[in-house]
Amino acid sequence: LNPSEINSLRILDPETKLETNIKNIELQKKLPINLMATATVFCHYQKLQNLEEVAAHFFKSCAIDLKRIKEEHKIITEIPSSEEKKLSTMVIIRNDTKEIFAFTKGNPLKILEKCSRVLMDDKKVDIDYQLRHKFKERIEKLNKSGQKVIAFAYKALPIKKLDHYNEHFTENDLVLIGIIGLVETVNSDLIPYIEEIKKNNIKIYILTSTKEKKAVN
């Protein structure tokens, strides 16, 4: 489905299990959605190219113009990443206001370690022990459901452009923007065949390169 043809999205509250439809024009106005979209535009993982495309599709479905975001900013520098860090960080500047930000995307637990505040109702709230524990529980719940979980964070940097931006300066004291979980849809066409096999007492084995928690889900 072309994102431009979507007028609303169905949102599921993981706590209450209640679904609601929200118009994408309303999502377009939300600050966290715009900030996560900005991180998606500039912070990339080549190994997760398919998930990058899924995330981009979601933000387009929220009526976010990713091309415009790219045109409104300029990259200053990329902070080196690694398999151990599991983070992608870019320092960018807004062309109009000349504000400078560090945007980070990646492993949710790694990012949570580097965040001291979280964006809630467009306000920056300190992350205390209880809130940090609550976030970890939600991340673990998403992981156990077989989803690929990605977290987004950012940090406003001094207006005066520096000659060099290092990892310690840009990837600490961050503001957590939000967390999303991406999951592949189960092929429901297989269900009746699997049920028939089980009725005949035939044991089923799964051979897959997918991580165990995802395959089990």
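To be clear, the structure that these remarks concern was listed above.
Residues numbered from 1 in each chain as written. Predicted model: local features only at pLDDT ≥ 70, side-chain atom pairs only at ≥ 80, totals over all residues. Heavy atoms only, no water.

### Notes on the overall build of the chain
Logical step 1: Within the chain, the secondary structure is distributed over nine helices and nine strands.
Logical step 2: Long-range pairs, those at least 24 residues apart, make up 60% of the contacts in the chain with a sequence separation of at least 6.
Logical step 3: For the chain, the computed accessible surface area is about 14,600 Å², with 52% contributed by carbon and sulfur atoms. (Helix = DSSP H or I, 4+ residues; strand = E, 2+ residues; numbered from the N terminus. Contact = heavy atoms within 4.5 Å. Areas by Shrake-Rupley, 256 points an atom, 1.4 Å probe, with all protein chains shown as cover.)

### A word on the packing of helix H2 (residues 31–42) against helix H3 (residues 49–61)
Logical step 1: Packing of H2 against H3 brings their axes to within 10 Å, and their N-to-C directions diverge by 145°. As for how H2 packs across H3, the hand of that crossing is left-handed. For the pair H2 and H3, the contacting residues are Ile33, Met36, Ala37 and Thr40 in the first and Glu52, Ala55, Ala56, Phe58 and Phe59 in the second.
Logical step 2: Here the residues of the contact of H2 with H3 sort into seven nonpolar, one polar and one charged. (Axes fitted to C-alpha atoms, helices over the stretch in contact; angles between N-to-C directions. Left-handed = near helix turned anticlockwise from the far one by under 90°. Nonpolar A, V, L, I, M, F, W, Y, C, P; charged D, E, K, R; others polar.)

### Overview of the packing of aromatic side chains
Logical step 1: Applying the stated rule across the entire model yields six aromatic pairs.
Logical step 2: An angle of 65° between the planes, with centres 5.1 Å apart, marks the rings of phenylalanine 58 and phenylalanine 59 as edge-to-face.
Logical step 3: Judged by centre distance (6.4 Å) and plane angle (90°), the rings of phenylalanine 59 and phenylalanine 152 are edge-to-face. With phenylalanine 59 in helix H3 and phenylalanine 152 in strand S8 (residues 148–157), this residue pair connects regions lying 93 residues apart in the sequence. Of the two residues, phenylalanine 59 and phenylalanine 152, neither departs from the other in class, the shared state being buried.
Logical step 4: The structure contains a cluster of three or more aromatic residues connected by ring pairs, namely Phe58, Phe59 and Phe152.
Logical step 5: The ring centre of phenylalanine 169 lies 5.1 Å from the NZ or CZ of lysine 155, which sits over that ring. (Phe/Tyr/Trp six-rings, centres within 6.5 Å; stacked < 30°, edge-to-face > 60°. Buried < 20%, exposed > 50% of the residue type's maximum accessible area, 1.4 Å probe, protein only. Lys NZ or Arg CZ within 6 Å of the ring centre and 35° of its normal.)

### A closer look at H2
Note: α-helices contain 3.6 residues per turn, so residues at a spacing of three or four share the same orientation.
Logical step 1: Between its first and last C-alpha atoms H2 spans 17 Å; for twelve residues at 1.5 Å apiece the expected length is 16 Å, and the two agree.
Logical step 2: Counting buried residues along H2, nine of its twelve residues qualify, which places the element largely inside the surrounding structure.
Logical step 3: Of all the positions in H2, only Ile33, Leu35, Met36, Ala37, Thr38, Ala39, Thr40, Val41 and Phe42 are classed as buried. (Expected span 1.5 Å × (residues − 1).)

Nothing here speaks to function; it is geometry throughout.
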